[in-house]
Amino acid sequence: MPLKTPVEYVESLRRLKIRAYVGGERVGSIVDHPAIAPHINTVSKTYELAHRPEHQEVMTAISHLTGERTHRYTHIFQSADDLVKKIQMLRLLGQTTGTCFQRCVGLDALNAMYATSWEVDAVEKTDYHARFRRYLERVQREDLMLAGAMTDPKGHRAKRPAEQADPDQFVHVVERRADGVVIRGAKLHNTGGINSHEILVMPGTGLGPDEQDYAIACAVPADAPGVLFIFGRQSNDSRKLEGGCDIGNPRFGVVGGEAMVVFDNVFVPTERIFLNGETKYCGGLVNYFATWHRANYGGCKGGNADVLIGATAKMTKILGTDKNAVVRDKLVEMVHMNETTYASAIGASAMGYKLPCGSFMVDPMMANTVKQNITRNVYMIGRLSHDLAGGFLATMPDQKALENPEIAPFVKKYHTANPDYDVMERIKMGRYIENMTSVTTMVEAMHGAGSPQAQRIVMLAQAGIEEKIKMADTVISGTDDVPGLPLPVRELAATKG
Ligand code: SF4
């Protein structure tokens, strides 16, 4: 069965010669670096749960290419039920790790390339799709971790890719050879990029006919010559290096270990190229990817919020406020916001429809609504968590204070609330809440899978405002085809008049 174990995942990463930089320094082995380890641990959970019989239905699927059971993270969505199961998988993983588990970007990129390569071939008579299926078979057989790379640096935001003073602000082809292409540029905010086997490079925007060099979609091994990763900083990340109670989430990362990936003249052989110059399909590819990924947030953030709500509720017990009706109502409000986005993600998936290539797409309006709500609800849930946990979140003492015999008794004495709970428990919960409601996590909820305005553009396009005006006209004028029962109120008014 092509399912990697967590140990196999880590060992397969160890064999790669990934060029990565953390804190400005070249990393010898990514699997042994304490800043990267939490993110590798999180992805390892995705591998581990796929082996658990109780989670087999949500964590795995039957490949439509090979008929074999594969990881759901390498699966092409074959039905609305597949889409629903993906959201269930994300919630489960969010509940298990309390953070971002990274593999969804690669999954949605796989699906976007699968659908787009089919559509390009259907019109242009190219052979991208057959090529892509061969690549996909390998991904499934080896249960690879893929990073989706879409967001270009973009340079001057008012200028198109071809108008930039520096053409490298968007990944582009700099050389065409008989056996492939050479690409240059960078992709930002790469979730899980540094601990992936492969990078799926996609255009980050729709392109005009004169921007053919930017219309490139391909798969690049993470250790290909010319590829390098520069790890981003996260809030409180140096605490991972300190250990103790100040870490927050002791095993897993805060969001997805995002990195900048630079393509410094990287050669991509023909068999790894899935779009090359066909500009008119780029907007569709971006749209496919973004729509699937926006629905995801109702699942992953739902699972993360379950853990955050749990930590907050535990805090209320530690403080002795858990029986207070106002406190309980605020917990309900957190649950309400969380379940609203989860329900929308399930709805977007259940209403999924078949694409021309045979795979399934989520309902775009609902998917974008999920993400739009996430940009608010994650903040609102965090706000209520801060409200209930108290100012202690911003002022709590650290591990070192608890280790100093001169002051530790004071720290313990004056941070004891409900005596049933140890002070250390209070600090650990507080640190988790602090981490999961701090800048990195919030900004990720705001901008991941596209900034709020990107969703609103789709929502307006999908909203059918003119149709809604017609509905209002028809209802208010009473001119629809079915006369309905006579209305006594109307007749009475006419008689009086
Ligand atoms: Fe997956 Fe959520 Fe992380 Fe995106 S933010 S990669 S959907 S866990």
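What comes next concerns the included structure. (Residues numbered from 1 in each chain as written. Predicted model: local features only at pLDDT ≥ 70, side-chain atom pairs only at ≥ 80, totals over all residues. Heavy atoms only, no water.)

**As for the overall build of the protein chain**
Move 1: Summing up its helical and strand segments, the protein chain has 18 helices and 14 strands in all.
Move 2: Computed over the C-alpha atoms, the radius of gyration of the protein chain is 25 Å, within 12% of the 23 Å expected from 2.2 N^0.38 for a compact globule of 497 residues.
Move 3: Taking all 497 residues of the protein chain together, the buried fraction comes to 54%.
Move 4: Put simply, of all contacts in the protein chain between residues at least 6 apart along the chain, 78% involve residues at least 24 apart.
Move 5: By element, 56% of the accessible surface of the protein chain is carried by carbon and sulfur atoms, the whole surface being about 21900 Å².
Move 6: Charged side chains of the protein chain number 56 positive and 57 negative; the gap between the two group centres comes to 3 Å. (Helix = DSSP H or I, 4+ residues; strand = E, 2+ residues; numbered from the N terminus. Rg over C-alpha atoms; globule rule 2.2 N^0.38 Å. Buried < 20%, exposed > 50% of the residue type's maximum accessible area, 1.4 Å probe, protein only. Contact = heavy atoms within 4.5 Å. Areas by Shrake-Rupley, 256 points an atom, 1.4 Å probe, with all protein chains shown as cover. Lys, Arg positive; Asp, Glu negative; His and termini not counted. Charge placed at Lys NZ, Arg CZ, Asp CG, Glu CD.)

**Looking at the packing of helix H8 (residues 282-319) against helix H14 (residues 423-436)**
Move 1: Contact geometry of H8 with H14 gives a least axis separation of 10 Å together with a crossing angle of 145 degrees. Seen from above, H8 lies across H14 with left-handed handedness. Here H8 contributes Asn304, Val307, Leu308, Ala311, Thr312, Lys314, Met315, Ile318 and Leu319 to the contact with H14, which in turn contributes Glu425, Arg426, Met429, Gly430, Tyr432, Ile433 and Met436.
Move 2: Here the contact of H8 with H14 is built from residues that sort into 10 nonpolar, 3 polar and 3 charged. (Axes fitted to C-alpha atoms, helices over the stretch in contact; angles between N-to-C directions. Left-handed = near helix turned anticlockwise from the far one by under 90°. Nonpolar A, V, L, I, M, F, W, Y, C, P; charged D, E, K, R; others polar.)

**A word on the site of the ligand**
Move 1: Neighbouring the ligand are Cys100, Phe101, Gln102, Cys104, Val105, His293, Asn296, Tyr297, Cys300, Lys301 and Glu444.
Move 2: Sort the elements by how many residues they give to the shell around the ligand and H8 lands first, with 5 residues. (Near = heavy atom within 4 Å.)

**Section: the pattern of salt bridges**
Close approach of charged atoms allows side chains with opposite charge to pair.
Move 1: One pass over the full model with this rule turns up 31 salt bridges.
Move 2: In this structure, Lys86 and Asp108 form a salt bridge, with 2.8 Å as the shortest nitrogen-oxygen distance. With Lys86 in helix H4 (residues 80-97) and Asp108 in helix H5 (residues 103-124), the pair connects residues that are 22 residues apart, well separated along the chain. Each member of the pair Lys86 and Asp108 is classed as buried. (Salt bridge = Lys/Arg side-chain N within 4 Å of Asp/Glu carboxyl O.)

**Examining the pairing of strand E8 (residues 198-201)**
Move 1: Residues of E8 alternate between two faces, with Glu198 and Leu200 on one and Ile199 and Val201 on the opposite face, all of them buried.
Move 2: One ladder, built from 4 bridges, connects strand E5 (residues 146-149) with E8; its direction is parallel. Bridging from a neighbouring strand, Gly148 pairs with Leu200 of E8.
Move 3: Pairing of E8 with strand E9 (residues 216-221), which is carried by 4 bridges, proceeds in the antiparallel orientation. (Pairing = 2+ DSSP bridges.)

**Some points on unusual backbone geometry**
Move 1: The phi torsion at Asp143 lies on the positive side, around 50 degrees, for a residue other than glycine.
Move 2: Following the sequence through the fold, Asp143 ends up in the loop between helix H6 (128-142) and E5.
Move 3: Residue classification places Asp143 among the buried positions, given a relative accessible area of 0%.
Move 4: Of note in the backbone geometry, Ala449 takes a positive phi value of approximately 60 degrees without being a glycine.
Move 5: Tracing the sequence through the fold places Ala449 in the loop between helix H15 (439-447) and helix H16 (452-462).

**Overview of the packing of aromatic side chains**
Move 1: Tallying each qualifying case throughout the model produces 8 aromatic pairs.
Move 2: When the centroid spacing of 5.8 Å and the interplanar angle of 35 degrees are considered together, the rings of Tyr288 and Trp292 count as tilted. Of this pair, Tyr288 and Trp292 both sit in helix H8, 4 residues apart, roughly one helical turn. The exposure classification of Tyr288 matches that of Trp292, with both residues buried.
Move 3: Each member of the aromatic cluster is reached from another via a ring pair, and the members are Tyr114, Phe132, Tyr135 and Phe274.
Move 4: Arg91 extends its terminal NZ or CZ atom over the ring of Tyr342, reaching a point 4.3 Å from the ring centre.
Move 5: Lying over the aromatic face of Tyr47, Arg103 brings its terminal NZ or CZ to 4.1 Å of the ring centre. (Phe/Tyr/Trp six-rings, centres within 6.5 Å; stacked < 30°, edge-to-face > 60°. Lys NZ or Arg CZ within 6 Å of the ring centre and 35° of its normal.)

**A word on helix H10 (residues 364-389)**
Move 1: Compared with the 38 Å implied by 1.5 Å per residue over 26 residues, the 37 Å span of H10 between its first and last C-alpha is a close match.
Move 2: A bend of about 35 degrees at Ile374 is the largest found in H10.
Move 3: Looking one or two residues beyond H10, the residue adopting positive phi is Gly390, at roughly 95 degrees. (Expected span 1.5 Å × (residues − 1). Bend = angle between axes of the 7 residues up to and from the residue.)

**Considering the sheet that holds strand E12 (residues 273-276)**
Two orientations exist for strands paired in a sheet by backbone hydrogen bonds: parallel and antiparallel.
Move 1: Reading across from one edge, E5-E8-E9-E12 is the order of the 4 strands in this open sheet, with mixed pairing throughout. The sheet is open, and its two edges are formed by E5 and E12, each paired on a single side. Across the sheet, the mean angle separating the axes of adjacent strands is 20 degrees when strand polarity is ignored.
Move 2: Those strands touched by H6 are E5, E8, E9 and E12, and its axis lies near 145 degrees from that of E12.

**Side note on the environment of Gly208**
Move 1: Summarising the element assignment, Gly208 is placed in the loop between E8 and E9.
Move 2: Take Gly208: its relative accessible area is 17%, and that puts it in the buried class.
Move 3: Residues Gly208 and Pro153, 55 residues apart in the sequence, show an inter-C-alpha distance of 18 Å.
Move 4: Non-local contacts of Gly208, meaning those with residues more than four positions away in its chain, are made with Arg160 and Thr279.

**Describing the environment of Ser79**
Move 1: Here Ser79 is to be found in the loop between strand E4 (69-71) and H4.
Move 2: For the pair formed by Ser79 and Ser359, sequence separation is 280 residues and the distance between their alpha carbons is 7.0 Å.
Move 3: Within the local environment of Ser79, its side chain forms a polar contact with the backbone nitrogen of Asp82, the two atoms lying 3.0 Å apart. (Polar contact = N/O pair within 3.5 Å; in protein donor to acceptor, adjacent residues only side chain to side chain.)

**Quick word on the packing of H4 against H8**
Move 1: It is at 7 Å that the axes of H4 and H8 come closest, and there the two elements cross at 30 degrees. Both H4 and H8 take part in a crossing whose hand is right-handed. Judged by residue contacts, Leu83, Lys86, Ile87, Leu90, Arg91, Gly94 and Gln95 of H4 engage Trp292, Ala295, Asn296, Gly299, Cys300, Gly302, Gly303, Asn304, Asp306 and Val307 from H8.
Move 2: When the residues that make up the contact of H4 with H8 are grouped by side-chain class, the tally is 7 nonpolar, 7 polar and 3 charged.

**Here we look at a nonpolar patch on the surface**
Move 1: The grouping of Ile407, Phe410 and Tyr414 at the surface amounts to a nonpolar patch, some 350 Å² of accessible area in total.
Move 2: In this fold, Ile407 is placed in the loop between helix H12 (399-403) and helix H13 (408-415). (Patch = residues over 30% accessible without salt bridge, like charges linked within 9 Å, V, L, I, M, F, W, Y side chains within 5 Å.)

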